[in-house]
Amino acid sequence: MTDATVNFDGPHGPKPKPIFSGRNIFIYGTLAIVSAYYLLPLYIMIITSLKDMDQIRGGNAFELPIGPDFEAWVKAWSSACTGLNCDGLSRGFWNSFQILVPSVVISILIASVNGYALANWPFRWSNIFFTILIFGAFIPYQVMIYPIVIILRELGLYTKLTGLVMVHSIFGMPILTLLFRNYFTSVPEELFKAARVDGAGFWGIYFKIMVPMSLPIFVVAIILQVTGIWNDFLFGVIYTKAENYPMTVQLNNIVNSVQGTKEYNVNMAATILTGLVPLVVYFISGKLFVRGIAAGAVKG
Amino acid sequence: MSDVSVSVKNLDLNFGSVEVLKDLNLDIHHGEFLVLLGPSGCGKSTLLNCLAGLLDVSGGQIHISGKNVTWSEPKDRGIGMVFQSYALYPQMTVRGNLEFGLKNQKLPKDEIEKRVARAADILQIQELLNRKPAALSGGQRQRVAIGRALVRDVDVFLFDEPLSNLDAKLRSELRVELKRLHNQLANTMIYVTHDQIEALTLADRIAIMRGGYIQQLADPMTVYNKPSNLFVAGFIGSPAMSMIDGEIQNGGTSFSFKGHSVTLSGYEANGEVHDGKAILGVRPEHVSIESTAQAGKTLEATLDIIEPLGSNTLLWFNVDGVIISALVPSELSYKSGQTYHLGLDISKASLFDAASEQRL
Ligand SMILES: Nc1ncnc2c1ncn2[C@@H]1O[C@H](COP(=O)(O)OP(=O)(O)OP(=O)(O)O)[C@@H](O)[C@H]1O
Ligand SMILES: [Mg+2]
């Protein structure tokens, strides 16, 4: 080891960069400005919702609430008035809930079976069928609004929650089917063949092989549908009536009700409440999503 | 009749307008180990999938164990199948994988347990039963995949390149194990590979395929020693057979090329050999280095390249532009650039008609 003596004096390797290098200041500065830009409205919404009307009339939007109180939140939930009724957002929440759950479940169930059939059980016209279905995703839905009104009326479902559930389920179909079909095509074909040799049929393979392998894509589909349906306003207004309005419509009616003074704190609280469901879904499923991908990535 | 386990009659298969299998006929005996060998894309997997019922045939018939199964479901054909990618169900344990097919058959619980235990015993995978496939090595996964075919208790096993995802050492181990398994079970096995060592070591008979046709169907030694055409001769054997373009002369008694001539006495022809253009194929181990020149027996050749292979050495000679390789024991030493006398063992060589490429 004579020729390999190590030189221990002084530091080696590239010099560590200082934390406050121009590059770092630029990157983090930009990030800070952009996040402030997005977070500021949220900040104002939250503090305003915790103020009372006297303080709001005081005029400084950035001022922290004096003795924060949750009265506005309670009011927004249970007793804020629209032009028609005075039971707050709670009514809209339950309506939205009753629309959301069946729509999400039905659309995902049907679309996943569609996608599975198209990916693994090609039939004579399956490609044409698939093309037509995808084409459906590109038809502007303004075109379909009135025909659907007529269809729902003929079915006796117009203004009913069931009708709206049906509309949401159908409108979610093209994109969800595409999503599932693409996922199932990526499952190795030999797995499917092995299951057929093992005597599993259409449903056996679907439930016992495909579904357990597909948690990530189901989570993606749930996120898409929950946020899409919860945030829907247009279909809610058009296809339901006052006592069946979803939360978004109810929110609009509270914020835009013309009686008395504008209660900014109540409006802010109501808006946050309405956005809470998609927010929660993002937080929970984000974690599940990562776990799902990790579990799904294991090759068999 | 009763001796035939799998019988394929006039099988056609098209993907759209592409004909992959054309009027294919094949009879496989009970307990036979048949290897389908051929270059990539020749239709080996396609044929196997047809036998398994995973592809709908375009024409012809398939009989398995005396039953016409041309249009039966895969599960009703009495076959078990092992895939190249193992294709284990990732979310089930090894036991779950083995039981899956049996549960689908709705077999009684104790029967299922008995069969799983037997398969696990034969394949030495008892300790793995409660693991998930992700926690197994490649060799263990393939063993489980074989087990999944084993528990089905069927007459015919289909293998689609089961060893090609494994490393060389494991592959040779499992190859021996498969041979032992075949001796023990005495099922019919149909085995797809493009590894000729696997084919030669495992097979009772080899079917060499090319472009959807079977080129030769024979036992390994026949395929090796008496290839039925030029393609088979070139495909089988490593290092490959040397091919010499030339002409048969003197009433079929000698072969000449580039002014050289070798006598054909000792060659076992299929029929009468006529004069005309032909190709002489000689395997490297049938080329010897002689000390003296003998007219009509030896060729003057210059040594080009020396390739040591370990136990043997491969020598590449040049005879006026024709390349001939010879396999010699590695103890002997040779010098490139020098001239040697090559002796060709005509009794073990192959002659092909230049036009039809068929063996003469
Ligand atoms: N689904 C399909 N559609 C169209 N052509 C196909 C399809 N599957 C296979 N082919 C074609 O059929 C031919 C035979 O394919 P096959 O998979 O049987 O080859 P192989 O002999 O198993 O090759 P390898 O050794 O690479 O596995 C190939 O030319 C391939 O391109
Ligand atoms: Mg193949």
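Whatever comes next refers back to the structure up there.
Scoring rules and cut-offs
Residues numbered from 1 in each chain as written. Chains lettered and ligands numbered in written order. Predicted model: local features only at pLDDT ≥ 70, side-chain atom pairs only at ≥ 80, totals over all residues. Heavy atoms only, no water. Near = heavy atom within 4 Å. Polar contact = N/O pair within 3.5 Å; in protein donor to acceptor, adjacent residues only side chain to side chain. Areas by Shrake-Rupley, 256 points an atom, 1.4 Å probe, with all protein chains shown as cover. Helix = DSSP H or I, 4+ residues; strand = E, 2+ residues; numbered from the N terminus. Nonpolar A, V, L, I, M, F, W, Y, C, P; charged D, E, K, R; others polar. 1 Å grid on protein atoms, 1.4 Å probe; cavity = no way out; pocket = protein on both sides within 12 Å on 5 of 7 lines; lining within 4 Å. Points joined across faces, edges and corners; volume = space filled by probe spheres on them. Pairing = 2+ DSSP bridges. Axes fitted to C-alpha atoms, helices over the stretch in contact; angles between N-to-C directions. Contact = heavy atoms within 4.5 Å. Salt bridge = Lys/Arg side-chain N within 4 Å of Asp/Glu carboxyl O. Parallel < 35°, antiparallel > 145°, perpendicular 65-115°, else oblique. Disulfide = S-S within 2.5 Å. Buried < 20%, exposed > 50% of the residue type's maximum accessible area, 1.4 Å probe, protein only. Core = buried A, V, L, I, M, F, W, Y, C linked by side-chain atoms within 4.5 Å. Lys, Arg positive; Asp, Glu negative; His and termini not counted.

K.L.:
Please clarify how the site of ligand 1 should be interpreted in this entry.
P.N.:
Residue and element names in this part refer to chain B. The local shell around ligand 1 consists of Phe15, Val20, Ser40, Gly41, Cys42, Gly43, Lys44, Ser45, Thr46, Glu161 and His194. Taking Gly43, its main chain carries an N or O atom lying 3.0 Å from an oxygen atom of ligand 1. Considering ligand 1 on its own, with 630 Å² of exposed area, one finds that the protein chains cover 56% of that surface. The biggest single contributor to the shell around ligand 1 is helix α1 (residues 44-52), with three residues. Residue classes in the shell around ligand 1 are distributed as three nonpolar, six polar and two charged.

K.L.:
Please clarify how empty space enclosed by the protein should be interpreted in this entry.
P.N.:
Over the atoms rolls a probe the size of a water molecule, and its path tells where empty space is left. Overall, the coordinates contain three cavities of 30 Å³ or more when judged by the stated rule. Estimated volume of the largest cavity: approximately 50 Å³. Partitioning the lining of the largest cavity into residue classes produces five nonpolar, two polar and one charged. The computed volume of the second largest cavity comes to approximately 40 Å³. Every residue along the wall of the second largest cavity is listed here: A:Ala194, A:Val197, A:Asp198, B:Met81, B:Phe83, B:Arg148, B:Ala149 and B:Arg152. Elements supplying a minimum of two residues to the lining of the second largest cavity: α8 (189-197) of chain A together with α4 (138-150) of chain B. Classifying every residue of the lining of the second largest cavity gives five nonpolar, no polar and three charged.

K.L.:
Can you help me understand the sheet that holds strand β3 (residues 33-37) of chain B in this one?
P.N.:
Strand pairing in a sheet is mediated by backbone hydrogen bonds. Such pairs are either parallel or antiparallel. Residues and elements named next belong to chain B. Pairing in this open sheet of six strands is mixed, and the strands run β6-β7-β8-β3-β9-β10 from one edge to the other. Of all the strands in the sheet, just β6 (79-82) and β10 (213-218) have a single pairing partner and so form its edges. Adjacent strand axes in the sheet meet at a mean angle of 15°, parallel and antiparallel pairs treated alike. In terms of strand pairing, β3 meets strand β9 (residues 205-210) through four bridges, oriented parallel. By the bridge assignment, Leu37 is partnered in β9 with Ile208.

K.L.:
Teacher, can you tell me more about the interface of chain B and chain A here?
P.N.:
Many structure descriptions define interface size as the accessible area lost when the parts assemble. Contacts between chain B and chain A engage 28 residues on the former and 17 residues on the latter. If you look at where chain B meets chain A, you find two salt bridges. Linking A:Asp198 and B:Arg152 is a salt bridge whose minimum nitrogen-to-oxygen distance equals 3.8 Å. One can count seven residue pairs in polar contact (both at pLDDT 80 or more) joining chain B with chain A. Of all the secondary-structure elements, those providing two or more residues to the side of chain B that touches chain A are β6, α2 (94-104) and α4 of chain B. No other element matches α2(B), which puts four residues into the side of chain B that touches chain A.

K.L.:
Looking at this structure, how should I read the packing of helix α9 (residues 202-213) of chain A against helix α10 (residues 215-231) of chain A?
P.N.:
For any two helices packed against each other, the geometry comes down to the angle between their axes and how far apart the axes lie. Residues and elements named next belong to chain A. Contact pair α9 / α10: the axes reach a minimum separation of 5 Å and the direction vectors enclose 70°. Here α9 lies roughly perpendicular to α10, going by the angle between them. Contact residues: Tyr206, Val211, Pro212 and Met213 in α9; Leu215, Pro216 and Phe218 in α10.

K.L.:
Explain the pairing of strand β11 (residues 242-249) of chain B to me, please; I cannot follow it from the model alone.
P.N.:
Residues and elements named next belong to chain B. Pairing analysis gives seven bridges linking β11 to strand β14 (residues 276-282), with the strands arranged antiparallel. Bridge pairing in β14 places Met243 opposite Gly281. Pairing geometry for β11 and strand β12 (residues 254-257), over three bridges, is antiparallel. Across the sheet, Glu247 pairs through a bridge with Ser256, a residue of β12. Where β11 hands over to β12, the hairpin turn is made up of four residues, of which Asn250 adopts a positive phi near 55°.

K.L.:
Looking at this structure, I do not really get the state of the cysteines. What am I missing?
P.N.:
Scanning the entire structure with this criterion turns up one disulfide over all chains. Between the sulfur atoms of A:Cys81 and its disulfide mate A:Cys86 the distance is 1.7 Å. Residues A:Cys81 and A:Cys86 are joined by a disulfide whose S-S torsion is about 110°; by sign, that bridge is right-handed. Note on A:Cys81: relative accessible area 27%, which makes it partly exposed. Owing to a relative accessible area of 44%, A:Cys86 belongs among the partly exposed residues under this scheme. A disulfide-free cysteine, B:Cys42 has its sulfur positioned 13 Å from the sulfur of B:Cys50, the nearest such atom. Judged by relative accessible area, B:Cys42 falls into the buried class, the value being 2%.

K.L.:
Would you explain the pattern of salt bridges in this entry?
P.N.:
Pairing is possible between side chains that carry opposite charge, provided their charged atoms lie close to one another. Scanning the entire structure with this criterion turns up 16 salt bridges over all chains. Across the pair A:Asp54 and A:Arg57 runs a salt bridge whose closest N-O atoms are separated by 3.2 Å. Linking A:Asp54 with A:Arg57, this pair stays in helix α2 (residues 53-58), spanning three residues, or about one helical turn. Just as A:Asp54 is exposed, A:Arg57 falls in that class too. The shortest N-O distance in the salt bridge between A:Arg153 and A:Glu154 comes to 3.6 Å. Bridged by salt links that share partners, the residues B:Glu111, B:Lys114, B:Arg115 and B:Asp153 form one connected network.

K.L.:
Is there a simple way to explain the nonpolar core in this structure?
P.N.:
Taken as a class, soluble globular proteins show a tendency for nonpolar side chains to be buried jointly. Counting residues in each nonpolar core, the largest one holds 96 residues, and the members touching the most others are A:Ile209, A:Tyr239, B:Leu11, B:Leu21, B:Leu36, B:Leu158 and B:Ile190. Residue contributions to this core peak at nine residues, all from helix α4 (residues 90-120) of chain A. Setting aside its immediate chain neighbours within four residues, B:Leu11 contacts B:Leu21, B:Lys22, B:Asp23, B:Leu24, B:Leu47, B:Cys50, B:Val57, B:Gly59, B:Gly60 and B:Ile62. With 47 residues, the next largest nonpolar core counts B:Leu37, B:Ile112, B:Ala145 and B:Val232 among its residues.

K.L.:
Just to check I follow, could you spell out the side chain of B:Arg77 for this structure?
P.N.:
All names here are of chain B. Locating Arg77 in the fold gives a position in the loop between β5 (67-68) and β6. Buried and unpaired, Arg77 has Asp56 as its nearest opposite-charge partner, separated by 6.3 Å. Only 2.9 Å separates the side chain of Arg77 from the backbone oxygen of Val69, close enough to count as a polar contact. When residues no more than four places from it in sequence are discounted, the contact partners of Arg77 are Cys50, Leu51, Ala52, Gly53, Ile62, Ile64, Val69, Thr70, Trp71 and Ser72.

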